[in-house]
Amino acid sequence: MNTPELLGLSPESLAVAAYALQNGQLVAFPTETVYGLGADATNESAIARLFALKERPQINPLIVHVAHADEADSLVDVDNRARQLMARFWPGPLTLILPRREDSPISLLCSAGLDTLAIRSPGHKAARDLIEAAGIPLAAPSANRSGTISPTTAQHVMDSFASASGDDLALVLAGGKCSIGLESTILDISCDVPVLLRPGAVLQDEIEETLGLPIRLGSGNAARPTAPGQLASHYAPKAQVRLDVKEQLAPGEAYLAFGQMRGLDPDNFRNLSPNGDLFEAAANLFAYLRELDGTAPSSIAVAPIPEVGLGLAINERLRRAAAPRANRE
Ligand code: TXA
Ligand code: MG
């Protein structure tokens, strides 16, 4: 069985990847947030194969990636608020949910039959070069099996799809470690009052400052926490995850620390950021969760992370990693 090919970034590998995408194949590629699993967003059968490879429920819509903001106009209705946000944050880690144009060429499966569409222009230049070379908008969820930890290196992608054949996933483009390491902020701006659906590196106050008005927080955000039992499990390692642990580890428990360690001296630990830097912590989060999980600990205890700035997005991912698995999305 042929396995997915792994290629470094070069004009040649981008051309190979663009050709594969134009022919309905799947290609994983780096973005500044996490690695994406790309497919032609206008090709219904390519999108169907993407859902199958990810084992993702077809009710969960995908984000469409474009090289430039002006490409959004043929896909969605772009109002003034969206234009302001695109001008400030694109290319970059902000996904906008906008009304889908009636004549939008995007696959209906891609947007799960909704009358809205999620769209972003990635900050990573190679990602934009790839979209441009392919000449098509790319649907790209995180390049991992549904419900598991998102990939921030090409090796994570290879590990996630170790059992996949080259017919399922043609190519993985390797572009090093993702600089942000958390998925994009998602803002639903298809309604009167915009709703922050997923926190990320573009922060609530930056959005409010740009729009000049307050936005609402969707569930999953710290200021409007969902009851723990209702949290959908996601980003889940094999081991159970315990949050806000400051003292007393259980036997065999791994520890994911943040900042100075006080009195805790486990055998098996990683420190997200010894200096307490939230950007460094975000960039390390998914890789360290994978590494600790790989040591088959009895569980993974996680230090408290401040609920400020990027800490909000880190904590949202951690709460979902710790959520009861029966609710896994
Ligand atoms: O940073 C990112 O956004 C990465 C990189 C690869 O670009 N992509 C990513 O995709 O995180 P994914 O599929 O893992 O997450 C997309 C999220 C899902 O939670 C989905 O439910 C939501 O976007 N979404 C997509 N379309 C939507 C829509 N029309 N309305 C509401 N939510 C939507
Ligand atoms: Mg994902």
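Because the structure is predicted, anything quoted here is derived from the model rather than measured. Sequence order as written defines residue numbering, which begins from 1 separately in each chain. For naming, the first written chain is A and the first written ligand is 1, with later ones following in the order written. Totals for whole chains, interfaces and linings use all residues, but because this is a predicted model, local features are given only for residues with pLDDT of at least 70 and pairs of side-chain atoms are given and counted only at 80 or more. Side-chain calculation: all heavy atoms of the structure are included, whereas hydrogens and water are not.

### Things to note about the pattern of salt bridges
Salt bridges are defined as contacts in which a side-chain nitrogen from Lys or Arg sits within 4 Å of a carboxyl oxygen from Asp or Glu. For the structure shown, the criterion picks out 13 salt bridges. Here D103 and R101 are joined by a salt bridge, their closest N and O atoms 2.8 Å apart. A relative accessible area of 53% places D103 in the exposed class. A salt bridge links E316 to R320; the shortest N-O distance between them is 3.5 Å. With E316 and R320 both in helix 8 (residues 310-322) and 4 residues apart, this pair spans about one turn of that helix. The pair formed by E316 and R320 is uniform in burial state, with each residue classed as buried. One network of salt bridges, in which partners are shared, links E183, E316, R317 and R320. Partly exposed residues are those whose accessible area sits between 20% and 50% of the maximum for their type, while under 20% is buried and over 50% is exposed, using a 1.4 Å probe and protein chains only. In DSSP terms, a helix is any run of H or I states spanning at least four residues, a strand is any run of E spanning at least two, and both are numbered starting from the N terminus.

### Topic: the nonpolar core
With 48 residues, the main nonpolar core has L37, L85, L94, L96, I119, L187 and I207 as its most contacted residues. Elements that contribute at least two residues to this core include exactly strand 3 (36-40), helix 2 (44-54), helix 3 (80-89), strand 5 (94-99), strand 6 (116-120), helix 5 (154-160) and helix 6 (204-211). For this core, the leading source of residues is helix 2, giving 5 residues. Contacts between residues were defined by any pair of non-hydrogen atoms, one from each residue, lying within 4.5 Å. The residues touching L85, leaving out its near neighbours within four places in the chain, are W90, L94, L96, L187, I189, I207, T210 and L211. Buried residues of nine kinds, namely Ala, Val, Leu, Ile, Met, Phe, Trp, Tyr and Cys, make up a nonpolar core once their side-chain atoms join them within 4.5 Å. In terms of nonpolar packing, the next biggest core, distinct from the first, is built from 35 residues, V241, L256, L289 and L292 among them.

### Section: the environment of P61
Summarising the element assignment, P61 is placed in the loop between helix 2 and strand 4 (63-65). When residues no more than four places from it in sequence are discounted, the contact partners of P61 are R56, C110, S111, A112 and L114.

### Brief notes about the sheet that holds strand 6
When DSSP finds at least two bridges between two strands, those strands are taken to pair. An order of 1-8-2-3-7-4-6-5-9-10-11 is seen for the 11 strands of this open sheet, with the pairing classed as mixed. This sheet does not close on itself; its edge strands, each paired only once, are strand 1 (5-8) and strand 11 (216-217). Strand direction decides the pairing type here: strand 2 (residues 27-29) and strand 8 (residues 171-174), joined by 2 bridges, are parallel. Within strand 8, the residue paired with A28 across the bridge is V172.

### Quick look at the side chain of N268
For N268, the position within the fold is in the loop between strand 13 (254-257) and strand 14 (269-271). Once residues lying within four places of it in the same chain are set aside, the contact partners of N268 are E253, A254, Y255, L292, T295 and P297.

### Focus: the sheet that holds strand 13
Strands sit in the order 12-15-13-14 across an open sheet of 4 strands; the sheet is parallel. Two strands lie at the open edges of the sheet, namely strand 12 (241-242) and strand 14, each paired on one side alone. Across 3 bridges, strand 13 lies against strand 14 in parallel orientation. Within strand 14, the position partnered with L256 by the bridge is R270. Interaxial angles span 0 to 180 degrees and are taken between N-to-C directions of axes, which are lines fitted to C-alpha atoms, for helices over the stretch in contact. Running over the sheet, helix 7 (residues 278-294) touches strand 13, strand 14 and strand 15 (300-302) and is turned about 165° from strand 13.

### Observations concerning the site of ligand 1
The rule for a residue being near a molecule or strand is that one of its heavy atoms must lie within 4 Å of it. In the neighbourhood of ligand 1, 22 residues make up the surrounding shell, with T33, R56, N60, H65 and S184 lying closest. Residue R120 places a side-chain N or O atom 3.0 Å away from an oxygen atom belonging to ligand 1. Distance and chemistry together define a polar contact, namely a pair of N or O atoms within 3.5 Å, with one atom able to donate a hydrogen and the other to accept it when in protein, and with adjacent residues in sequence counting only for side-chain atoms on both sides. A distance of 3.5 Å separates a nitrogen atom of ligand 1 from a polar atom in the backbone of A140. Surface accessibility follows the Shrake-Rupley procedure with a 1.4 Å probe radius. Residue values consider only the protein chains on display as shielding. In the complex, 87% of the free accessible area of ligand 1, which totals 690 Å², lies under the protein chains. Counting only elements with at least two residues in the shell around ligand 1, the list comes to strand 4, strand 6 and strand 10 (195-198). It is strand 6 that contributes the most residues to the shell around ligand 1, 3 residues altogether. Three residue categories are used. Nonpolar comprises Ala, Val, Leu, Ile, Met, Phe, Trp, Tyr, Cys and Pro, charged comprises Asp, Glu, Lys and Arg, and polar comprises the others, including Gly. Across the shell around ligand 1, the residue classes break down as 11 nonpolar, 7 polar and 4 charged.

### Considering unusual backbone geometry
Here W90 and P91 are connected by a cis peptide whose omega angle stands at -10°. Backbone geometry places A112, a non-glycine residue, at a positive phi of 55°. One non-glycine residue, D244, lies in positive phi territory at about 55°. Its place among the elements puts D244 in the loop between strand 12 and strand 13.

### Digging into the pairing of strand 5
Of all 6 residues in strand 5, 5 are buried; the element is thus mostly enclosed. By the bridge criterion, 4 bridges tie strand 5 to strand 9 (residues 185-188) in an arrangement that is parallel. Within the sheet, the bridge partner assigned to L94 lies in strand 9 and is T185. The pairing of strand 5 with strand 6 spans 4 bridges and is classified as antiparallel. When the bridges of strand 6 are listed, I97 appears paired with A118.

Such coordinate-based values are descriptive only and should not be taken to indicate function.
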